[in-house]
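An overview of the molecular structure
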Amino acid sequence: QVQLQESGPGLVKPSQTLSLTCTVSGGSITTNYYYWTWIRQPPGKGLEWMGAIAYSGSTYYSPSLKSRTSISSDTSKNQFTLQLSSVTPADTAVYYCARFVLKFVTGSSGTYYYRFADYWGQGTQVTVSS
């Protein structure tokens, strides 16, 4: 059983830094081929992939958010965090943490790679307002 739980303030003032933590239970964030991921959904809009930290500690970011996004982890606590600086009301959204898994299949034609989310947190509402 793997569970992910987001936590952090639900209200952030413009220009401040949004900080969220995802606590993982039932599995280690260092297990091979898992990517610990932040996704958000503004009201009335679709899901937006923000970035991830891999089992190895490598980080990956959406180009549109890279300049003000930082994802880190604390392996001793089995947690990973999101920091989004200089927030505006456009950053108001439900924020999710999720686990993506990398799978690969080999055959006579070669090796094929696939990634998909198999576990999600329930999401947490963050509102940016003064």
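Residues numbered from 1 in each chain as written. Predicted model: local features only at pLDDT ≥ 70, side-chain atom pairs only at ≥ 80, totals over all residues. Heavy atoms only, no water.

**A closer look at the pattern of salt bridges**
Opposite charge on two side chains permits pairing when their charged atoms draw close. Throughout the structure, instances matching the rule amount to four salt bridges. The salt bridge partner of Arg-68 is Asp-91, with a shortest N-O separation of 2.8 Å. Of this pair, Arg-68 sits in the loop between strand S6 (59-61) and strand S7 (69-74) while Asp-91 sits in the loop between strand S8 (79-84) and strand S9 (93-107), and the two are 23 residues apart along the sequence. Residue Asp-91 is classed as buried on the basis of its relative accessible area of 1%. One network of salt bridges, with partners in common, ties together Arg-40, Glu-48, Arg-68 and Asp-91. (Salt bridge = Lys/Arg side-chain N within 4 Å of Asp/Glu carboxyl O. Helix = DSSP H or I, 4+ residues; strand = E, 2+ residues; numbered from the N terminus. Buried < 20%, exposed > 50% of the residue type's maximum accessible area, 1.4 Å probe, protein only.)

**Comments concerning a nonpolar patch on the surface**
On the surface, Tyr-33, Phe-104 and Tyr-113 cluster together into a nonpolar patch covering about 330 Å² of accessible area. Along the chain, Tyr-113 falls in strand S10 (residues 110-120). (Patch = residues over 30% accessible without salt bridge, like charges linked within 9 Å, V, L, I, M, F, W, Y side chains within 5 Å. Areas by Shrake-Rupley, 256 points an atom, 1.4 Å probe, with all protein chains shown as cover.)

**Quick notes on the state of the cysteines**
For the structure on display, the rule yields one disulfide. Here Cys-22 connects covalently by a disulfide to Cys-97, the sulfurs 2.1 Å from one another. Since a negative S-S torsion denotes a left-handed disulfide, the Cys-22-Cys-97 link at about 65 degrees is right-handed. Residue Cys-22 is found in strand S3 (residues 18-25), and its partner Cys-97 is found in strand S9; the two are separated by 75 residues along the sequence. Across the pair, Cys-97 and Cys-22 agree in class, each one buried. (Disulfide = S-S within 2.5 Å.)

**A short note on the environment of Ala-117**
For Ala-117, the position within the fold is in strand S10. For Ala-117, a relative accessible area of 24% corresponds to the partly exposed category. Sequence-wise, Ala-117 and Asn-32 are 85 residues apart; in three dimensions their C-alpha atoms are separated by 15 Å. When sequence neighbours within four positions are dropped, the list of residues in contact with Ala-117 reads Arg-99 and Phe-100. (Contact = heavy atoms within 4.5 Å.)

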